[in-house]
Amino acid sequence: MPADRDISGNPSPTSLARRAVGKVRRTVGGTPPPAAPAPDHSEELKQLRRAVKRAEAQADKQQARLAKQQARIARLERNQTRLTEIVHGISHGEPDVELPDVSTTRQEARRHRALATYADLLSQGVGAPAAQIATVRACLDANDRHLARAFVIGVTRPGDEFREIGLGAVITDMAVFDRAWELFARADRDLLADLVPVEAVTAALSAGDAEAVAAALWIAQRPGHPASTLAELAPRLLVTGHREVAQQLADEVFERSAELSGAERAEFAKLDHWFAPTAPAEPPAGALKFGLIGYHQPDQSRASRNVGDYVQTLALLGNLARFRGVRFSGADGLGELGTTIQSRVTDDLHLPSTERPVHLIPVSRDFSDGDQLPEDTWMVAFGWHMHSSFRLNFGLPYHRHIKPIFVSFHINRVATLDEPTIAYLKANGPIGCRDWTTVDLLLSAGVDAFFTGCLTTTVNAVYPDLASVPKSDPQVTAVIDVPDRVAYAVAEPKHVFTHVDPVNRSLNLVEGTRAALDLLDTYQRDYSHVVTSRLHSYLPATSIGIGVDFRPDKVGDVRFDGLLGMSPGVPAFTAIRDGIRELLAGTFGLLLEGADEEMVRADWRRRTAPMVAAAKERFRAPAALTRPEFDVAAAVAAVATDTHAYGPHDSVDPDRVVDVAMSLDANFKALLPVTVASLLANASGPVRLWVTERGLDEDYRAWFHAAFPDLPVTFLGCDSVDYGEIDRMIGHITVATMDRLLLPELLPDLDRITYVDIDTVTEGDVCELAATDLSGTPLAGRPGLQMASVCWRDAGNHLDADRASELRRLMSARHAFDFATVNCGVLVLDLARMRADNFVAEFVPMARHFGLNDQDIVNAYAGTDRVELDPRWNALPLMVEDDLEPGIIHYAGAGKPWNDALVPASHKWQQVTDRLVERVGALPA
């Protein structure tokens, strides 16, 4: 059988990966497998059996893929036949042609199919609880959490533990694991094990307290789970440190593998590295043990698909291979790989050194704790961190045997930076960062950090000068991972391909690195120019001398700060490349000479100290870009000309009245009376209302006053106020929400106000809320679900590179890492403090300058200088918080009760609406 085919005769993963990057040059392989072991060698026999099972699983997977493609072809043929019939009927004037119902959208069809799951299963005799959970999963598979919540609430009763289980499954899908476990913990463990074992175990392991973990282990080990469930549970337990139980479950899966489908067997076979490991090769005597980052992890969906990751590993190995005296060794071809790289290092970059064996060891970037690593393994930590395993483990700190040096380090998942990880980075710093965003993030967290740029800039160490490379004829442009509109605009000849393919997940470290090596050879030989959105195409191509048109989707992306505008020979590029080389050469030189860890780290601190100092100076610098001004006086004057007061203002007792503010425009004028009616019905004292509004006319204002004649209300017309273009405006709201930012200046005689969104129903006493002790802070609000650092990272994605960089730096410097943003749907505001802080003049211009919305601006201003409201004052049906004491129900998000009865707690909105309509008649449309 050819070497590039697997046991079923289909292309091997390595072959497919090479095709994915536009070439197949040679098969990466090793020596033939050893002869079958003697029967009495039980361990070897066990390994062989598992190898056979893996091969069978791969064959099954290929067969399933073929069947799927055949079914798709058949479906397309049927559709084509039907379309032909329709067109024929129309063209011949046949009146009875039945046309498809185009009114049913794709999403509606998915919803119907998901809900049909329930009836289908009940008709097959499946019990209601199991049918309910299956339907919830079908809704989630259709990407409709809203429908899943509504379904659970519709088919269960309050207090029913099946309701808690179903809602817990929905919240688990949102990765809000603490809330999910609160719901699951109310249910019987046997029911959890029967209905939602994977969801419950995931939520419990994330909760992490002793009681939750004990429940997770009990559920996982309870007899009776299908093999497919055990196959999902075992790796989750593995990545959270419960190795012994995980191994027990994995062994049972191996024994019961016949119960799995072909695809399931193939997927589980990929976990052999952790559950059926082979003994690691012993390093040669006196060898420097050196870890090389690889990209496998137990959560296969998060393992790397991008061959560009291996370009980083190639570049790192090229820096180590510069030392002439190094003699590489390593299992599974790593030693030979190192020797190959060493033979390619250009003469001008060779460094002298005494002879020293270096033993290369693969290390999983995202789950090194699962690797078998010898003590005192040095490793350079670089690149994107991290892809979490099952959203439970981010892979830092590294394995206890690793001694890391951080260069070209990038934090992409801010959740990586928990307290143990921050302490670990401090202990192993300073941290050399690939981009300025990561520098600022770490400095905000108190970690010494500095900018190095990307390691792939050094990859030219193992490539010849471009002028000396024999060229293919004709020369073409490589077009790599760009939108079709960009690719179409590139003139011929061109070669359009991708660096990303799922088959790359099957590559081992040697195969992936060799694929990267061959890929860049192809760049030099075949391509005159590159057009790409990939960082690890753009920078390595630049390094080996090729001009690149870098077309990222978002130039303000966190990955690119400090890396844009590079081309061969540009001083900034040369500085990055040479700086990384110098740093690594110094550290590698000490390691090869046998220096101890204390000496190596002292040298690292000494050499990086000037760069850390420069980074801190930049971090603390004032804003570099001129921020547009916002004319506060003009805005206040404009609103004053369109202000209308109604009701008994003269009888207001300023010592007793509670001032409440709301904001809206004419699109939502039917909501205001409902919100106000619920608030007044439960207030224990007098209320005065202030409404910032856009587009309301006198007829509406008069109607509202007639509906609430005893309420002092002032409408503050803000139509003429312009905040500029706001890229971050949420889709289901309007610019009217920005107007609440003006309250400190619009109401100069008020020192305090309570703000309430109009998509709320109040069931508690707003007077109690308004009396919240602010303890000297400017506001009180409920923490939201998003962390602030994530907010600024996302906000910068809408900006040009300079403004994105400044926004993130300024916010990192203003607020220490990290805090949950405040949800601004319900706020108690100290207007006097905000005026003293010059809030409107200083922060409202951020809307125009950075495209921030009102909630962004409030968080930029206050940060953690706030009081946290009890969750009941901003209860979120989104999180199914009907277990809270009466307060304010906030229909945050896209699901609104006046549009869709499926929204949780929508009946409460409808009840208030019905009572109001009964009292005042139809509401304004």
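It should be emphasised that the depicted structure is a prediction, and the values quoted were computed from it without experimental measurement.

Undergrad: Quick question: what am I supposed to make of the pairing of strand 1 (residues 288-294) here?
TA: Here is the key point about a regular strand: its side chains alternate between the two faces of the sheet. Within strand 1, seven of the seven residues are buried, which leaves the element mostly enclosed by the surrounding structure. Every second residue of strand 1 is oriented toward a common face, with Leu288, Phe290, Leu292 and Gly294 on one face and Lys289, Gly291 and Ile293 on the other, all of them buried. Where strand 1 and strand 3 (residues 356-364) come together, seven bridges link them in parallel fashion. Across the sheet, residue Lys289 finds its bridge partner in strand 3, namely His359. Alignment of strand 1 against strand 4 (residues 377-385), held across two bridges, turns out to be parallel. Across the sheet, residue Phe290 finds its bridge partner in strand 4, namely Trp378.

Undergrad: I tried to follow the pairing of strand 16 (residues 752-756) on my own but got confused; where do I start?
TA: With four of its five residues buried, strand 16 lies for the most part within the structure. Pairing of strand 13 (residues 658-665) with strand 16 involves two bridges; the strand directions are parallel. Bridging across to strand 16, Val660 finds its partner in Thr754. Summarising the sheet, strand 16 and strand 19 (residues 820-830) pair through five bridges and their orientation is antiparallel. In the strand pairing of strand 19, Thr754 is matched with Val828.

Undergrad: Before we go on, may I ask you to explain the packing of aromatic side chains in this structure?
TA: Applying the stated criterion across every chain, the model contains 25 aromatic pairs. Between Tyr398 and Tyr424, the ring centres sit 6.5 Å apart and the planes meet at 70°, which makes this aromatic pair edge-to-face. Residue Tyr398 is located in the loop between strand 4 and strand 5 (402-411), and its partner Tyr424 is located in helix 17 (residues 419-427); the two are separated by 26 residues in the primary sequence. Tyr398 sits in the buried class, given a relative accessible area of 4%. With centroids separated by 4.9 Å and ring planes inclined at 45°, the aromatic side chains of Phe704 and Phe708 adopt a geometry described as tilted. Every member of this aromatic cluster is reached through a ring pair, and the members are Tyr646, Tyr700, Trp703, Phe704, Phe708 and Phe715. The ring of Tyr463 carries the charged tip of Arg344 above its face, separated from the ring centre by 4.8 Å. The residue whose ring lies beneath Arg618 is Trp436, and the NZ or CZ to ring-centre distance is 4.1 Å.

Undergrad: Hey, could you run me through the packing of helix 22 (residues 571-592) against helix 23 (residues 597-620) in this one?
TA: Helices that pack against each other are described as a pair by the angle of their axes relative to one another and the distance between those axes. The contact between helix 22 and helix 23 brings their axes to 10 Å, and the two run at 165°. With respect to their mutual orientation, helix 22 and helix 23 come out roughly antiparallel. The two elements helix 22 and helix 23 meet at a crossing, and its hand is right-handed. Residue-level inspection shows Glu582, Leu583, Gly586, Thr587, Leu590 and Leu591 of helix 22 in contact with helix 23, the latter providing Met599, Val600, Asp603, Trp604, Arg607, Thr608 and Met611. Its residues assigned to classes, the contact of helix 22 with helix 23 shows seven nonpolar, three polar and three charged.

Undergrad: I keep staring at helix 34 (residues 854-862) and nothing clicks. Help me out?
TA: Since there are 3.6 residues in each turn of an α-helix, residues three or four apart along the chain are aligned in direction. In terms of burial, helix 34 is a largely internal element, eight of the nine residues being buried. Listing the buried residues of helix 34 in full gives Asp854, Asp856, Ile857, Val858, Asn859, Ala860, Tyr861 and Ala862. Its side-chain oxygen placed 3.0 Å from the backbone nitrogen of Gln855, Asn853 serves as the N-cap of helix 34. Backbone geometry just downstream of helix 34 places Gly863 in the positive-phi region, at approximately 60°.

Undergrad: Honestly, the pattern of salt bridges in this entry has me stumped. Any pointers?
TA: If charged atoms from side chains of opposite charge come close, those side chains can pair. Following the criterion strictly, the structure yields 41 salt bridges and no others. Measuring nitrogen to oxygen at the nearest pair gives 2.7 Å for the salt bridge that ties Asp865 to Arg833. Taken together, the positions of Asp865 in the loop between helix 34 and strand 20 (867-868) and Arg833 in helix 31 (residues 831-836) put the pair 32 residues apart, joining distant regions of the chain.

Undergrad: Just checking my understanding: could you explain the confidence of the model for the chain for this structure?
TA: Parts of the model with low pLDDT should not have their predicted coordinates read in detail. Counting all residues, the mean pLDDT for the chain is 89, and 88% of those residues have values of 70 or more. Long-range and interchain partners of residues 1-39, a stretch whose pLDDT sits below 50, account for 67 contacts in this model, where long-range means more than four residues apart.

Undergrad: Can you walk me through the sheet that holds strand 10 (residues 527-532) in this structure?
TA: Across a sheet, paired strands are connected by hydrogen bonds in the backbone, their directions being either parallel or antiparallel. The parallel open sheet is built from four strands, whose spatial order is 9-8-10-11. The open sheet has two edge strands with one neighbour each: strand 9 (494-497) and strand 11 (547-550). The sheet shows a mean angle of 20° between the axes of neighbouring strands, direction not considered. Sheet topology places strand 8 (residues 476-480) next to strand 10; five bridges connect them, and they run parallel.

Undergrad: What is the right way to look at unusual backbone geometry in this model?
TA: The general pattern is negative phi for most residues beyond glycine and trans for most peptide bonds. Residues His385 and Met386 are joined by a peptide bond in cis, for which omega reads -5°. Along the chain, the position of Met386 falls in the loop between strand 4 and strand 5. A cis amide bond links Phe817 to the next residue, Asp818, at an omega of -15°. When you line up the elements, Asp818 lands in the loop between helix 30 (801-814) and strand 19. Backbone geometry places Asp376, a non-glycine residue, at a positive phi of 60°. Positionally, Asp376 belongs in the loop between strand 3 and strand 4. Asp376 gets classed as partly exposed once you look at its relative accessible area, which sits at 37%.

Undergrad: Teacher, can you tell me more about the packing of helix 16 (residues 334-344) against helix 20 (residues 509-526) here?
TA: At a minimum axis distance of 10 Å, the contact between helix 16 and helix 20 shows a crossing angle of 25°. Taken together, the axis directions place helix 16 and helix 20 in an arrangement best described as roughly parallel. Crossing angle aside, the handedness with which helix 16 passes helix 20 is left-handed. Along the contact surface, helix 16 presents Leu334, Glu336, Leu337, Thr340, Ile341 and Arg344, while helix 20 presents Leu509, Val510, Thr513, Arg514, Leu517 and Asp521. Per-class residue counts for the contact of helix 16 with helix 20 are six nonpolar, two polar and four charged.

Undergrad: Even after reading the chapter, I still don't get the sheet that holds strand 13, so can you show me in this structure?
TA: Taken together, the eight strands give an open sheet; going across it, the order is 12-15-14-13-16-19-18-20, and neighbouring strands pair in mixed fashion. Looking at strand neighbours, the two that pair on one side only are strand 12 (643-646) and strand 20, the edges of this open sheet. Looking at chain direction, strand 14 (residues 687-694) and strand 15 (residues 713-717) are connected through five bridges and run parallel. In the strand pairing of strand 15, Leu689 is matched with Val713. Lying over the sheet, helix 29 (residues 788-796) contacts strand 18 (779-787) and strand 19, oriented at roughly 65° with respect to strand 18.

Undergrad: I would appreciate a short explanation of empty space enclosed by the protein in the present structure.
TA: The gaps left among the atoms become clear once a water-sized probe is rolled over them. Within this structure, the stated rule accounts for five cavities of 30 Å³ or more. As for the largest cavity, its lining consists of 15 residues, of which Leu441, Ser789, Trp792, Met811 and Ser812 are closest to the centre. Elements with a contribution of two residues or more to the lining of the largest cavity: helix 18 (436-444), helix 29 and helix 30. If one sorts the elements of the lining of the largest cavity by residue count, helix 29 sits on top with four residues. Across the lining of the largest cavity, the residue classes break down as seven nonpolar, five polar and three charged.

Criteria and cut-off values
Residues numbered from 1 in each chain as written. Predicted model: local features only at pLDDT ≥ 70, side-chain atom pairs only at ≥ 80, totals over all residues. Heavy atoms only, no water. Buried < 20%, exposed > 50% of the residue type's maximum accessible area, 1.4 Å probe, protein only. Helix = DSSP H or I, 4+ residues; strand = E, 2+ residues; numbered from the N terminus. Pairing = 2+ DSSP bridges. Phe/Tyr/Trp six-rings, centres within 6.5 Å; stacked < 30°, edge-to-face > 60°. Lys NZ or Arg CZ within 6 Å of the ring centre and 35° of its normal. Axes fitted to C-alpha atoms, helices over the stretch in contact; angles between N-to-C directions. Parallel < 35°, antiparallel > 145°, perpendicular 65-115°, else oblique. Left-handed = near helix turned anticlockwise from the far one by under 90°. Contact = heavy atoms within 4.5 Å. Nonpolar A, V, L, I, M, F, W, Y, C, P; charged D, E, K, R; others polar. Polar contact = N/O pair within 3.5 Å; in protein donor to acceptor, adjacent residues only side chain to side chain. Salt bridge = Lys/Arg side-chain N within 4 Å of Asp/Glu carboxyl O. pLDDT = per-residue confidence, 0-100. 1 Å grid on protein atoms, 1.4 Å probe; cavity = no way out; pocket = protein on both sides within 12 Å on 5 of 7 lines; lining within 4 Å. Points joined across faces, edges and corners; volume = space filled by probe spheres on them.

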